[in-house]
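# Secondary and tertiary structure notes
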Amino acid sequence: MKPPRHRPTKNSRLGTTILAMGLGLALAATGGAQEPAPVRLPPQSPESYLGFRPGADRQVVDWGQVTGYLGDLARSSARVRIDTIGRSTLDRPLVLLTVTDTANQANLDAILAAQARMADPRTIPDVASRAELIRSGRAVVLITSAIHPTEVGGSLVPLTLAYRLATTAEPDLLEVLRECVVLIVPSVNPDGVDIVAEWYRESVGMPWEGSPPPALYHHYTGHDNNRDWYSMTQVETRSVVQRVYNVWHPQVVHDIHQQGMSGSRYFVPPWRDPIEPNVDPLLVAATNSLGTAVAWDLVREGKRGVVVNDQYDAWSPARAYAHYHGAVRILSETAGARLATPVGVSEDQLQTPAGNRPSWSHPAPWPGGSWGLADILDYMESGALALLRNVSRSREQWLDTFVTVGERAVAGWSSWPRAWVVPAGEGRGAGMVELTRILRTGAVEIEVAATEITIGESAWPAGSLVIDMRQPNAAFAQMLLAPQPYPGGPEYPGGPLRVPYDVTAHNLPMFVGVGALPVSRLPRGELRSVEGIPDPAAEEVDGVSNEPGLLVGLYQSWVPSTDEGWTRWLFDRYEIPYATLRDATVRQGGLSRRFTSVVLPSMKPEALLDGWPEGSMPADYTGGLGSVGVAALRSFVEEGGTLVALGRSSSWVAEQLELPVVDRLRDQPRSVFFAPGAQVALRVDTTTTLGRGMTAATAAWLEGGSAFDIPARSQAVAAATYGPRPRVLSGWVHGVGALGGAAAVVEVPLGAGRVILYGIDPQQRGISMATFPLLFNALRVRP
């Protein structure tokens, strides 16, 4: 498999400008006729089009097959239309299917207008108008799939599901088409669909058949592309948010995924606790009801291994844009195989609740056996249809719930402030732009002060932002602007720590380095509405250097690292000159002749040193840096280079190069220290080269993390520390006191060069702008 060589231009990173849906819905239709054709050929089945039955062992689809089939289906069925909503990172079309009966297809303008009114209850003048909108409206269900293309069933189920709905004469599905508008985004990651299909087809019959590809399956973010749904850094995320969510305002979102082969066969909510506190309780109750109903329907069909309330929680908004925009999100996780290669799973290999015994959340355990792509598609399609049937039977209840959630937001919650003020002139100008971009992309109304604004004796200058918390999408603003008090602790008294499914913090002002103040009343002064969304390309960050002769070598292992992808995205975004370094290039040595700095992304030490084992991948992809690569990195530094080690790689580098620092957290058990992802206080020495342009106090991202002690005679310099009394600013860290007095960022001289160790993640998922300078400054360090 050849990794993609395309390095997107600034324009391709931002995506192609496409007019928002207004209907004439003119979003560059891809093959779908806007008016029913006088004569249509009968819809072709996926099997007939593809030449194999979806679900057949060892058969996958590429993006051309997906879009080709769905375009044909739209041309042959008056129930289906297909539109292009954007372009992917590597310039493939992102498409949206709209599936509903012909009467609704002819009335989409009115349905969209009704959705927009229900999404903003301030536009509904009276009780009678509200009742009529609910009586005559249609429930909008958005189904997203194949965001992680190694979950190969997700690339196929949109085809089988769309065909089923396009051709059905079943009364319950005709009711679905009458009562609902079904939106299907067949993949939020079409580039990855092709990466995985190419890799799998090449691997069939080889010893590594069914293994994941040796490259990220999203050009930048890999698996983290479904952690992008509040920061919205990626073009695919923004396209779906701006051209689907913010246009159609769905009441229900069904997010189709796969999980490991040894877990339950199928998960749906209710979620495991905790649930993020700004998710409306009505949506929590609705999620519980719908998820349990789907599980009930699947068990009624005889499907075994269906579980609710398992490992997945609803704390992090990184996967849950819907929760803050009036909709429920029904995640489904179907057990996977080895891509499209079937597997056998014995009962003693299963890792399911209650030891695979029947329980309230897992009433009919699967006993083990063979499991393949046909099983995966069967469960996926059954789950999606069960969801649609349940929504269609209670359409008015779903619309009433949607409107009620918006009404509650407009009235304001007792736990919310009256407004938030983001003062101008405090913190980073680029941070103000980024905060505005994210909130406006999330459809939050913002006002900017044209003059000084005041509340009592408090005053803020012109340019300050005001977010009125009595608006439809106030929950999205509150979730991002307030610190997160994650309820961490043991599973039960005296038991092991409860492990969050994802990270525990997401405070936007801390990430971007600005202040945000909750206020009890609206300020006085002239305010003007912020229109549109700022261009991310307009942001400027301290530390970025245009100095001639600088070239960064960014290490890219054949064991894919999401941290490498995020770092590469950051370098592309800020146009930092870099080249990719593979194991073989590092081992060849001579790095100082080409590079001024080398960056090792955060990775597991065994992946850095050993890579893929021999025989588990083609020979070109096996092995890691090895001792030869470590020696080459040492030579690079001794000859005057700067070696940057991020996150988990930092402690490994300190050990391998025998640096005079000690990571006090190394090998500590979780019972002593556990940082699942939180924002902590950082003290920066602004007199150091790395601290240039920083504020002395900031927030930093800590996930796993290292805390370095510097011996008395060491020449190492702490550029940033956790302080004598370390503090968690947002989220949860167990044993945070273990950080006390330790260094978070260390500069260590070695020969003529330097090694820079980061116990924090300065570029966390492309959003931690406040600490970007700590990284960027390192790239221009010249000893």
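To be clear, the structure that these remarks concern was listed above.
Presented here is an overview of the structure given in this document. It should be emphasised that the depicted structure is a prediction, and the values quoted were computed from it without experimental measurement.

Analysis parameters
Residues numbered from 1 in each chain as written. Predicted model: local features only at pLDDT ≥ 70, side-chain atom pairs only at ≥ 80, totals over all residues. Heavy atoms only, no water. Helix = DSSP H or I, 4+ residues; strand = E, 2+ residues; numbered from the N terminus. Contact = heavy atoms within 4.5 Å. Pairing = 2+ DSSP bridges. Axes fitted to C-alpha atoms, helices over the stretch in contact; angles between N-to-C directions. 1 Å grid on protein atoms, 1.4 Å probe; cavity = no way out; pocket = protein on both sides within 12 Å on 5 of 7 lines; lining within 4 Å. Points joined across faces, edges and corners; volume = space filled by probe spheres on them. Nonpolar A, V, L, I, M, F, W, Y, C, P; charged D, E, K, R; others polar. Buried < 20%, exposed > 50% of the residue type's maximum accessible area, 1.4 Å probe, protein only. Expected span 1.5 Å × (residues − 1). Arc of directions from axis to C-beta.

With respect to the secondary-structure elements, Ser-211 resides in the loop between helix 9 (190-203) and helix 10 (235-248). Ignoring sequence-local partners within four residues, the contact set of Ser-211 consists of Trp-199, Arg-338, Leu-339, Ser-616 and Met-617.

The strand order 1-2-4-3-5-10-6-8 describes an open sheet built from 8 strands, whose pairing is mixed. The sheet is open, and its two borders are formed by strand 1 (80-87) and strand 8 (306-308), each paired with just one other strand. Shown here is a sheet whose adjacent strand axes are inclined to one another by a mean of 20°, direction ignored. As paired elements, strand 1 and strand 2 (residues 93-99) share 7 bridges and run antiparallel to each other. Among the inter-strand pairings, Asp-83 is bridged to a residue of strand 2, identified as Leu-96. Contacts from helix 7 (residues 153-167) reach strand 1, strand 2, strand 3 (139-144), strand 4 (180-185) and strand 5 (252-259), with the element oriented near 150° to strand 4.

Below, the discussion takes up empty space enclosed by the protein. Inspection of every chain in the model, using the stated rule, returns 6 cavities of 30 Å³ or more. What the largest cavity holds in volume is close to 140 Å³. Taken together, the residues of the lining of the largest cavity sort by class into 8 nonpolar, 2 polar and 3 charged.

Residue placement: Ala-631 occurs in helix 20 (residues 626-638). With relative accessibility at 40%, the residue Ala-631 sits in the partly exposed group. Note: C-alpha distance between Ala-631 and Gln-764 (133 residues apart in sequence) is 29 Å.

Over its 13 residues, helix 20 extends 19 Å from the first C-alpha to the last, a length consistent with the 18 Å expected when each residue adds 1.5 Å. Along helix 20, the positions that sit buried rather than exposed are Gly-626, Gly-629, Val-630, Ala-632, Leu-633, Phe-636 and Val-637. Taken around the axis of helix 20, the buried residues stretch over an arc of 160°, which confines them to a single face. Positive phi appears at Gly-640, one or two residues downstream of helix 20, with a value of about 115°.

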